[in-house]
Amino acid sequence: MTRAFVFPGQGSQAVGMGRDLADAFTTARDVFGEVDEALKQKLSALVFEGPLDELTLTENAQPALMAVSVAVARVLEKDGGLDLAKAAKFVAGHSLGEYSALCAAGALTLADTARLLKLRGQSMQRAVPVGVGAMAAIIGADFDAARSIAQDAAQGEVCTAANDNAPGQVVISGHKAAVERAIAIAAERGFKRAVLLPVSAPFHCPLMQPAADAMADALADTAIKAPRVPLVANVIASTVTDPAEIRRLLVVTGHRFRALARKRAVHEGTGRGTVGGTGRRQGAGRHGQAYRQGNDRRVAGPARRHRSFPQGLNFRTIGDIPCSI
């Protein structure tokens, strides 16, 4: 079996995510402390306590999700005895999750990753003011069908198929009115579901070009190492380990997240694959002991009682829940 560690993107944030992990493990607390210090911001308090509308702002959500994701990965390694290089053949991530994956794999330092994502979020939000853009997940559509819907909905505005997340789940992005028209068109054409995503900017579409330019400048001044585990890059749907190529791919404005479907590295909903999911159900390991994150403080389970993760712990993917981009 091929296993990948896949890190979530914006839209999966929830107030309280990672709090139980930080309560249970010094390793996790150290991650949040280092991110707070790098940003000169008490981001951990916002993550644990909210409010949600402030956490959802892209400049906060991006480093926050990364912090939780990396905290999970480091606890698995330091406290659970997991060797990432042996446990996974690939790392990958949805959108900002690529940065989380690169940090977990040692290509980026935690402090640099936090600063880059803060800038990325600020640049994205400056590119398109809050309320002007939107994203939506179309459930039941393939990429070509979603692209047709987006083209018909554009009507002179930007509306594009942006993320090919999985078979039957495509995310569209662009001007809010155009995205809302696309949702209506999807319903008229009989697709299973089309819903707006809880994000504050229309990522991975041409409206993001100013943010891509800002990130290109920032990444040019950031040290990137070869990751311990190959990254399956969203844009090329293939593995990459060369730091220069990683730097180039991180600033591409549009993503078709087809990589893992093509590599068959993750099986949606089978209990294998996603690590660092935040506020969504996580599956059980082969020993039947589950670990979940989120607002429910009862869910720490064996992690709280035994201060360690069971051997062979797997995390399940989010299936068809449209919560990542």
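Undergrad: Requested: an account of the overall build of the protein chain, with residues and values cited.
TA: In terms of helices and strands, the protein chain carries 14 helices and eight strands. Counting over 325 residues, the protein chain shows a buried share of 56%. With the model as given, the accessible surface of the protein chain reaches about 12,700 Å², and the carbon-plus-sulfur share is 49%.

Undergrad: If you had to explain the side chain of Q13 to someone new, which residues and values would you point to?
TA: Note on placement: Q13 falls in the loop between β1 (4–7) and α1 (19–24). Of the polar contacts made by the side chain of Q13, one reaches the backbone oxygen of P198; its length is 3.2 Å.

Undergrad: Talk me through unusual backbone geometry; I want residue IDs and the actual numbers.
TA: Negative phi characterises most residues that are not glycine, and trans characterises most peptide bonds. Residues G50 and P51 are joined by a peptide bond in cis, for which omega reads 10°. Topologically, P51 is positioned in the loop between α3 (43–49) and α4 (52–56). At S95, a position not held by glycine, the phi torsion is positive, near 55°. Along the polypeptide, S95 turns up in the loop between β2 (90–93) and α7 (97–104). Unusually for a residue other than glycine, A237 sits at a positive phi of about 55°. Checked against the element boundaries, A237 lands in the loop between β7 (231–233) and β8 (238–240). Its relative accessible area of 21% is what places A237 among the partly exposed residues.

Undergrad: Now, about the packing of aromatic side chains: what can you tell me, with residues and values included?
TA: The final tally for this structure, using the stated rule, is one aromatic pair. For the ring pair F32 and F48, a centre distance of 5.0 Å and an interplane angle of 70° mean the geometry is edge-to-face. Of this pair, F32 sits in helix α2 (residues 26–39) while F48 sits in helix α3, placing them 16 residues apart in sequence.

Undergrad: Any details on the nonpolar core? Residues and values, ideally.
TA: The biggest cluster of nonpolar side chains holds 57 residues, and the ones touching the most others in it are V35, V47, M66, V91 and Y99. When residues in this core are grouped by element, the largest group, eleven residues, is from helix α5 (residues 58–78). When near neighbours in sequence (up to four residues on either side) are disregarded, V91 contacts F5, L84, A101, A105, V229, P230, L231 and V232. Counting residues in hydrophobic clusters, the runner-up holds 21 residues, among them I138, I149, A178 and I183.

Undergrad: Quick one: what's the story with the confidence of the model for the protein chain, residue by residue and with numbers?
TA: For the protein chain, the average pLDDT comes to 80, and 78% of its residues sit at 70 or higher. Note that residues 253–257 has pLDDT below 50 and, in this model, 28 contacts with residues that lie over four places away or in other chains. Segment residues 259–325 is flagged for pLDDT under 50; beyond a separation of four residues in sequence, or across chains, it makes 187 contacts in the model.

Undergrad: Any details on helix α9 (residues 143–154)? Residues and values, ideally.
TA: Taking 1.5 Å of rise per residue, twelve residues should cover 16 Å, and α9 covers 16 Å from first to last C-alpha, within 8% of that figure. Capping the start of α9, D142 holds a side-chain oxygen 3.3 Å from the backbone nitrogen of D144, two or three residues further along.

Undergrad: Report on the environment of L108, specifying residues and quantitative values.
TA: Tracing the backbone through its elements, the reader meets L108 in the loop between α7 and α8 (110–127). Non-local contacts of L108, meaning those with residues more than four positions away in its chain, are made with Y99, L102, C103, T113, L116, T222, A223 and I224.

Undergrad: Report on the packing of α9 against helix α10 (residues 176–188), specifying residues and quantitative values.
TA: Packing of α9 against α10 brings their axes to within 8 Å, and their N-to-C directions diverge by 125°. In terms of their interaxial angle, α9 and α10 are classed as oblique. As α9 packs across α10, the resulting crossing turns out to be right-handed. Note on element contacts: α10 touches α9 through A178, R181, A182, I185 and A186, opposite I149, D152, A153 and A154. Considering only residue class, the contact of α9 with α10 consists of seven nonpolar, no polar and two charged.

Undergrad: With reference to specific residues and values, describe the sheet that holds strand β5 (residues 169–175).
TA: The strand order across the open sheet built from four strands is β4-β5-β3-β6, with neighbouring strands paired in antiparallel fashion. The open sheet is flanked by β4 (159–166) and β6 (193–196), the only strands paired with a single partner. Ignoring which end each strand starts from, the neighbouring axes of this sheet average 25° apart. For strand β3 (residues 133–139) and β5, the ladder comprises seven bridges, and the chain directions are antiparallel. Residue pairing in the sheet places I139 in a bridge with Q169 of β5. Packed on one face of the sheet, α9 meets β3, β4 and β5 and runs near 160° to β4. Running over the sheet, α10 touches β3, β4, β5 and β6 and is turned about 145° from β5.

Analysis parameters
Residues numbered from 1 in each chain as written. Predicted model: local features only at pLDDT ≥ 70, side-chain atom pairs only at ≥ 80, totals over all residues. Heavy atoms only, no water. Helix = DSSP H or I, 4+ residues; strand = E, 2+ residues; numbered from the N terminus. Buried < 20%, exposed > 50% of the residue type's maximum accessible area, 1.4 Å probe, protein only. Areas by Shrake-Rupley, 256 points an atom, 1.4 Å probe, with all protein chains shown as cover. Polar contact = N/O pair within 3.5 Å; in protein donor to acceptor, adjacent residues only side chain to side chain. Phe/Tyr/Trp six-rings, centres within 6.5 Å; stacked < 30°, edge-to-face > 60°. Core = buried A, V, L, I, M, F, W, Y, C linked by side-chain atoms within 4.5 Å. Contact = heavy atoms within 4.5 Å. pLDDT = per-residue confidence, 0-100. Expected span 1.5 Å × (residues − 1). Axes fitted to C-alpha atoms, helices over the stretch in contact; angles between N-to-C directions. Parallel < 35°, antiparallel > 145°, perpendicular 65-115°, else oblique. Left-handed = near helix turned anticlockwise from the far one by under 90°. Nonpolar A, V, L, I, M, F, W, Y, C, P; charged D, E, K, R; others polar. Pairing = 2+ DSSP bridges.

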